[in-house]
Amino acid sequence: MNEQIERTMENLKKNRYNVLYVDTKEEVLPIVEEMIPEGAVIGTGGSVSLVECGVMDLLRSGKYRFMDRFAKDKSPEEMEEIAQKGHFSDFFLCSSNAIIEDGSLYNVDGNSNRISAIVHGPKKVIMVVSVNKIVKTLEDAVYRVKSYVAPANCARAGIQSFCMTGGICMALKQQEKAGLTEGCNAPGRSCCNHLISTHQRVPGRITIILVGEQLGL
């Protein structure tokens, strides 16, 4: 564990997050399984990291009351209903778009069920976040989303926006730096709401599992 990771973890703890560190993605699954009791109601965001760690397979194992909005047989209306119910889950699992060294989280959503759950609703939130998502400043976090995360997510989900066709946020296409709220006006724009999470009112409600290898987007 290098100094940047240690400094970030210490600042997260000061902001009243529960923080764990593991070296590899294989270590994530036993921790998550231990944290969540059988029969718990679970919601999730759309997270590649959860898939890569095997967490999504665990949630679909039948041990939990998993509100699976990504099941193949779900209509768009059913997916939206499940996303809304996720706000009342016992546990909500997701990742984070960026962690800032000062102990803050930066997340950007289109539908925004994930950032809604991070802020309020679920009793507990578990985030699986790889250390490559740690950045020095909020400006770096914004750049990471606009230059990489949003275009990659749009391409993965087939979301019609400038990010998908241009491979980068429209604002960055026009200038070297872009403000937090700048972007295209496409109906499918994926960066509609921005969440900066700092000091937590409820200590330990959010657990961050930091993984020492690259995961997700």
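Described in the following lines is the structure provided in the data block. Quick caveat, the model's predicted, so the values are computed rather than measured. (Residues numbered from 1 in each chain as written. Predicted model: local features only at pLDDT ≥ 70, side-chain atom pairs only at ≥ 80, totals over all residues. Heavy atoms only, no water.)

1. Describing the pattern of salt bridges
Between side chains of opposite charge, pairing is possible as soon as their charged atoms come close. Taken as a whole, this structure holds 9 salt bridges when the rule is applied. Taking the shortest distance from any N to any O, the salt bridge between Asp-109 and Arg-114 comes out at 2.7 Å. For Asp-109, a relative accessible area of 10% gives the class buried. Across the pair Glu-139 and Lys-177 runs a salt bridge, and its minimum N-O distance is 3.7 Å. Of this pair, Glu-139 sits in helix H7 (residues 138-157) while Lys-177 sits in the loop between helix H9 (170-174) and strand E9 (193-197), and the two are 38 residues apart along the sequence. The exposure class of Lys-177 is exposed, given its relative accessible area of 56%. (Salt bridge = Lys/Arg side-chain N within 4 Å of Asp/Glu carboxyl O. Buried < 20%, exposed > 50% of the residue type's maximum accessible area, 1.4 Å probe, protein only. Helix = DSSP H or I, 4+ residues; strand = E, 2+ residues; numbered from the N terminus.)

2. Description of the sheet that holds strand E3 (residues 65-66)
What the 6 strands build is an open sheet, ordered E1-E10-E7-E4-E2-E3; its pairing is parallel. In this open sheet, the two edge strands, each paired with only one partner strand, are strand E1 (18-22) and E3. With 4 bridges connecting them, strand E4 (residues 91-94) and strand E7 (residues 124-130) associate as parallel partners. Residue pairing for E7: Cys-94 is matched across the bridge by Met-127. Lying over the sheet, helix H1 (residues 3-14) contacts E1 and strand E10 (206-211), oriented at roughly 155 degrees with respect to E1. Strands E1, E4, E7 and E10 of the sheet are contacted by helix H2 (residues 28-35), whose axis makes an angle of about 165 degrees with E10. (Pairing = 2+ DSSP bridges. Contact = heavy atoms within 4.5 Å. Axes fitted to C-alpha atoms, helices over the stretch in contact; angles between N-to-C directions.)

3. Section: the layout of surface pockets
Remark: the empty space left among the atoms is shown by a probe the size of a water molecule rolled over them. Of the volumes computed, that of the largest pocket is approximately 790 Å³. Forming the boundary of the largest pocket are 31 residues, of which Gly-46, Asp-109, Asn-153, Arg-156 and Ile-159 lie nearest the centre. Those elements that place two or more of their residues in the lining of the largest pocket are helix H3 (48-52), strand E6 (104-109), helix H6 (113-119) and H7. The element best represented in the lining of the largest pocket is H7, accounting for 6 residues. One number sums up the size of the second largest pocket: a volume of about 210 Å³. Lining the second largest pocket are 15 residues, with Ile-118, Val-119, Gln-200, Arg-201 and Arg-205 positioned closest to its centre. Listed by contribution, the elements that provide at least two residues to the lining of the second largest pocket are H6 and E9. Broken down by element, the residue count for the lining of the second largest pocket peaks at 3 residues, all from E9. (1 Å grid on protein atoms, 1.4 Å probe; cavity = no way out; pocket = protein on both sides within 12 Å on 5 of 7 lines; lining within 4 Å. Points joined across faces, edges and corners; volume = space filled by probe spheres on them.)

4. Regarding the state of the cysteines
Note on terminology: disulfide describes a covalent bond linking the sulfur atoms of two cysteines. Applying the stated rule across the entire model yields 0 disulfides. Considering cysteine sulfurs only, Cys-163 is the nearest to Cys-184, which forms no disulfide, with 6.3 Å between them. Not part of a disulfide, Cys-192 finds its nearest cysteine sulfur in Cys-191, a span of 6.6 Å. Using a relative accessible area of 43% as the deciding quantity, one classes Cys-192 as partly exposed. (Disulfide = S-S within 2.5 Å.)

5. Some words on the sheet that holds E9
The pairing of strands in a sheet happens through backbone hydrogen bonds and is either parallel or antiparallel. Ordered by their spatial adjacency, 4 strands build an open sheet running E8-E5-E6-E9, and the pairing between neighbours is mixed. Looking at which strands have only one partner, the edges of the open sheet turn out to be strand E8 (134-135) and E9. Packed on one face of the sheet, H7 meets strand E5 (98-100), E6, E8 and E9 and runs near 30 degrees to E6.

6. Re unusual backbone geometry
For Arg-16, which is not glycine, the phi dihedral falls at a positive 75 degrees. Inspection of the secondary structure assignment puts Arg-16 in the loop between H1 and E1. Of note, the phi angle at Ser-112 is positive, near 75 degrees, even though the residue is not glycine. Examined against the element boundaries, Ser-112 turns out to sit in the loop between E6 and H6. With relative accessibility at 12%, the residue Ser-112 sits in the buried group.

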